[in-house]
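Observations on the three-dimensional arrangement
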Amino acid sequence: MYDAVLFLSKVMIPAVLAFIPLYAAFRNVPVYESFIEGAKEGFPTAIQIIPHLVGMMVAVSIFRETGALDFYLGLCRPLFSWIHFPEEILPLALLRPITGTGALAFAESIFHTEGPDSFLGRMASTMQGSTDTTLYVLTVYFGAVGVRRSLYAAKVGLLADLTGVLASWFIVCWVFGI
Amino acid sequence: MVNYIWLFMILSGVIAGIVQGEMNVVTQAALKGAKEGVAVCIGLISVLVFWLGMMRIAQDAGLLKKLASVLHPVARFLFPNIPRDHPAMGYILSNMSANLFGLGNAATPMGLKAMEELQKLNPDKKTATPAMCTLLALNTSSLTLIPTTIIGIRMEYGSVNPTEIIGTTIFATCCSTVMAILLDRWFRRREASKKRI
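- The name given to chain B in an unreviewed UniProt entry is Spore maturation protein A, with the source organism recorded as Melghirimyces algeriensis.

- An unreviewed UniProt entry lists chain A under the name Spore maturation protein B, from Melghirimyces algeriensis.

In structure tokens form, the structure reads like this:
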């Protein structure tokens, strides 16, 4: 079953790449010209995002590199050890919504010290797959169209991340045992 | 809220710098962050140009409309305010399918295209619409069937069974997505009732 799923993920992009132009050609669409027309929009969109992403990355970078993040991690620790949440994985839970590369690097450090098939390794993997870099997604999506007031989107994203973290913890304990 | 998060991160970083007496760390971190931001955008250019080109072919061939009409019940439930034949729907659904199959870098261009179409329906261009928030909720909770990145990394670190976490990931990601949809509904209602008062 898993092998089938993995195979699907491998052939998905080539299949899409072949199917779209072929189908379009049957519909008499000038495929190459269409491609160029659409592709033209890519560059301005990327440029449009730069100020938003720079603004966010600067804040994240200052927050992390000065040790402010570690300070808040320390503050959260008692709360999480109170509910018996594995302490070693706490930084990943807090890093995940803020910085994708930071979270990935932390997950890799767990794989390195504990091994990917350890309890912590499995939990890190599950958390990594079930949550997303909320702040990055918000910045890029709203930045691309110039929306400034994001209403409740940030709250929803962060609470969904928290749910993902707790659900990962629960399911990994349940399936693999502690 | 994003305003507060931003201010909070910068201020606590600067204070941490002052407390440790290492102000140059703050400066370096700021410049490093700026560089990283630009680098990520430059990296996005190739992905955006390529996928937006492909998406245009799909649109011209009427594929997006087809996708939208096949998945109409899902769309109706999640995005009740978007007109049935609006192009935004096709992009939203292709964004969701890309996420589902773990094609992360294809999902972003489709999502941005969807945002662009939603922005056309937006009466107040500076403020997000409920439909935009729903799209964001779906993307931040990352509903995925195959966590491709993490499986790759697990292989690299010599995992005996790199795919064993697919099941647990699907469970956790379903929880977070259901939560995101419920919260989105709840906040949307609250926002709507605020406006009426």
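Next comes the rest of the account.
1. Some details on the overall build of chain B
- A count of helical and extended segments in chain B gives nine helices and zero strands.
- Across chain B, helices and strands are ordered from the amino to the carboxyl terminus as α-α-α-α-α-α-α-α-α.
- Seen along its three principal axes, the alpha-carbon backbone of chain B occupies a region of about 60 × 55 × 35 Å.
- Within chain B, buried positions represent 49% of all 197 residues.
- Within chain B, residue pairs in contact and separated by at least 24 positions form 57% of the contacts whose partners lie at least 6 positions apart.

2. A look at the overall build of chain A
- Helices and strands together make up the secondary structure of chain A, namely nine helices and zero strands.
- Taken over C-alpha atoms, the radius of gyration comes to 21 Å for chain A, far larger than the 16 Å a tight globule of 178 residues would show.
- Expressed as a percentage of the 178 residues in chain A, the buried residues total 47%.
- Partitioning the contacts of chain A with sequence separation of at least 6, the portion at a separation of at least 24 is 62%.

3. Re the domain arrangement of chain B
- Domain boundaries assigned for chain B yield domain 1 (1-48) and domain 2 (62-196).
- The straight-line distance from the C-alpha centre of domain 1 of chain B to that of domain 2 of chain B is 28 Å.

4. Some thoughts on the UniProt feature "transmembrane region" (unreviewed entry) in chain A
Residues and elements named next belong to chain A.
- Within the UniProt annotation, "transmembrane region" (unreviewed entry) is assigned to residues 7-26, 46-63 and 158-177.
- What you have in residues 46-63 is 100% helix and 0% strand, and the ends, taken at the C-alpha atoms, are 25 Å apart.
- Taken end to end, residues 158-177 is 95% helix and 0% strand, and its first and last C-alpha atoms sit 27 Å apart.

5. Re the packing of helix H2 (residues 31-39) of chain A against helix H2 (residues 23-60) of chain B
- The geometry of H2(A) relative to H2(B) is characterised by a closest axis approach of 7 Å and an angle of 125 degrees between their N-to-C directions. The angle between H2(A) and H2(B) places the two elements in the oblique class. Both H2(A) and H2(B) take part in a crossing whose hand is right-handed. Two secondary-structure elements touch here, H2(A) through A:Val31, A:Ser34, A:Phe35, A:Ile36, A:Glu37, A:Gly38 and A:Ala39 and H2(B) through B:Val49, B:Phe50, B:Leu52, B:Gly53, B:Met54, B:Met55, B:Arg56, B:Ile57 and B:Asp60.

6. Describing the interface of chain A and chain B
- Contacts between the two partners involve 84 residues from chain A, matched on the other side by 90 residues from chain B.
- In terms of residues, the side of chain A that touches chain B owes the most to one element, helix H3 (residues 42-65) of chain A, which gives 17 residues.
- Classifying every residue of the side of chain A that touches chain B gives 50 nonpolar, 22 polar and 12 charged.

7. Side note on H2(B)
All names here are of chain B.
- Along its 38 residues, H2 runs 55 Å from first to last C-alpha, staying within 8% of the 56 Å computed at 1.5 Å per residue.
- At Leu44, H2 is bent by approximately 25 degrees, the largest bend along its length.
- Two residues or fewer past H2, Gly62 is found with a positive phi of approximately 80 degrees.

8. What to know about the UniProt feature "transmembrane region" (unreviewed entry) in chain B
Residue and element names in this part refer to chain B.
- Within this numbering scheme, the UniProt entry marks residues 37-58, 131-153 and 165-187 as carrying the feature "transmembrane region" (unreviewed entry).
- Structurally, residues 131-153 comprises 70% helix and 0% strand, and the distance from its first C-alpha atom to its last is 35 Å.
- Across residues 165-187, the secondary structure splits into 96% helix and 0% strand, with the terminal C-alpha atoms separated by 32 Å.

9. Structural notes on unusual backbone geometry
Residues and elements named next belong to chain A.
- Positive phi values are uncommon outside glycine, yet His84 reaches one of about 60 degrees.
- Relative to the helices and strands, His84 resides in the loop between helix H4 (68-82) and helix H5 (90-95).
- Residue Leu151 is not a glycine yet carries a positive backbone phi of 50 degrees.

10. Digging into the domain arrangement of chain A
- Here the domain parsing of chain A yields domain 1 (1-40) and domain 2 (43-176).
- Between the C-alpha centres of domain 1 of chain A and domain 2 of chain A the distance comes to 32 Å.

11. Some points on the confidence of the model for chain A
- For chain A, the mean per-residue pLDDT works out to 88, and 96% of the residues sit at or above 70.
- Mean pLDDT across the secondary structure elements of chain A bottoms out at helix H1 (residues 2-26) of chain A, with 82, and peaks at H2(A), with 94.

12. Here's the deal with the environment of A:Pro78
Residue and element names in this part refer to chain A.
- Topologically, Pro78 is positioned in helix H4.
- Its 8 C-beta neighbours within 10 Å are what place Pro78 among the exposed residues.
- For Pro78 and Ile47, which are 31 residues apart along the polypeptide, the C-alpha to C-alpha distance reads 43 Å.

13. Description of the environment of A:Thr101
- Of note, A:Thr101 is situated in helix H6 (residues 100-114).
- The sequence separation of A:Thr101 and A:Thr133 amounts to 32 residues, and the corresponding C-alpha distance is 9.3 Å.

14. What to know about helix H5 (residues 87-100) of chain B
Residue and element names in this part refer to chain B.
- In this model H5 runs 20 Å from its N-terminal to its C-terminal C-alpha over 14 residues, within 8% of the 20 Å that 1.5 Å per residue would give.
- For H5, the tally of buried residues reaches 11 of 14 residues, placing the bulk of the element in the interior.
- Along H5, the positions that sit buried rather than exposed are Ala88, Met89, Gly90, Tyr91, Ile92, Leu93, Ser94, Asn95, Met96, Ala98 and Asn99.

15. Some details on the packing of helix H8 (residues 134-145) of chain A against helix H7 (residues 130-140) of chain B
- Their axes nearest at 10 Å, the elements H8(A) and H7(B) cross at an angle of 145 degrees. Judged by the sense of rotation from one axis to the other, the crossing of H8(A) with H7(B) is right-handed. When H8(A) is examined against H7(B), the residues A:Thr134, A:Val137, A:Leu138 and A:Tyr141 are found in contact with a partner set consisting of B:Leu136, B:Asn139 and B:Thr140.
- Each residue belonging to the contact of H8(A) with H7(B) can be placed in one class, and the counts come to four nonpolar, three polar and no charged.

The rules we used
- Residues numbered from 1 in each chain as written.
- Chains lettered and ligands numbered in written order.
- Predicted model: local features only at pLDDT ≥ 70, side-chain atom pairs only at ≥ 80, totals over all residues.
- Helix = DSSP H or I, 4+ residues; strand = E, 2+ residues; numbered from the N terminus.
- Buried ≥ 20, exposed ≤ 12 C-beta atoms within 10 Å, placed from the backbone.
- Contact = placed C-beta atoms within 7 Å.
- Rg over C-alpha atoms; globule rule 2.2 N^0.38 Å.
- Domains from an automatic or database assignment.
- UniProt positions renumbered as here; feature names shortened; annotations may be inferred.
- Axes fitted to C-alpha atoms, helices over the stretch in contact; angles between N-to-C directions.
- Parallel < 35°, antiparallel > 145°, perpendicular 65-115°, else oblique.
- Left-handed = near helix turned anticlockwise from the far one by under 90°.
- Nonpolar A, V, L, I, M, F, W, Y, C, P; charged D, E, K, R; others polar.
- Expected span 1.5 Å × (residues − 1).
- Bend = angle between axes of the 7 residues up to and from the residue.
- pLDDT = per-residue confidence, 0-100.

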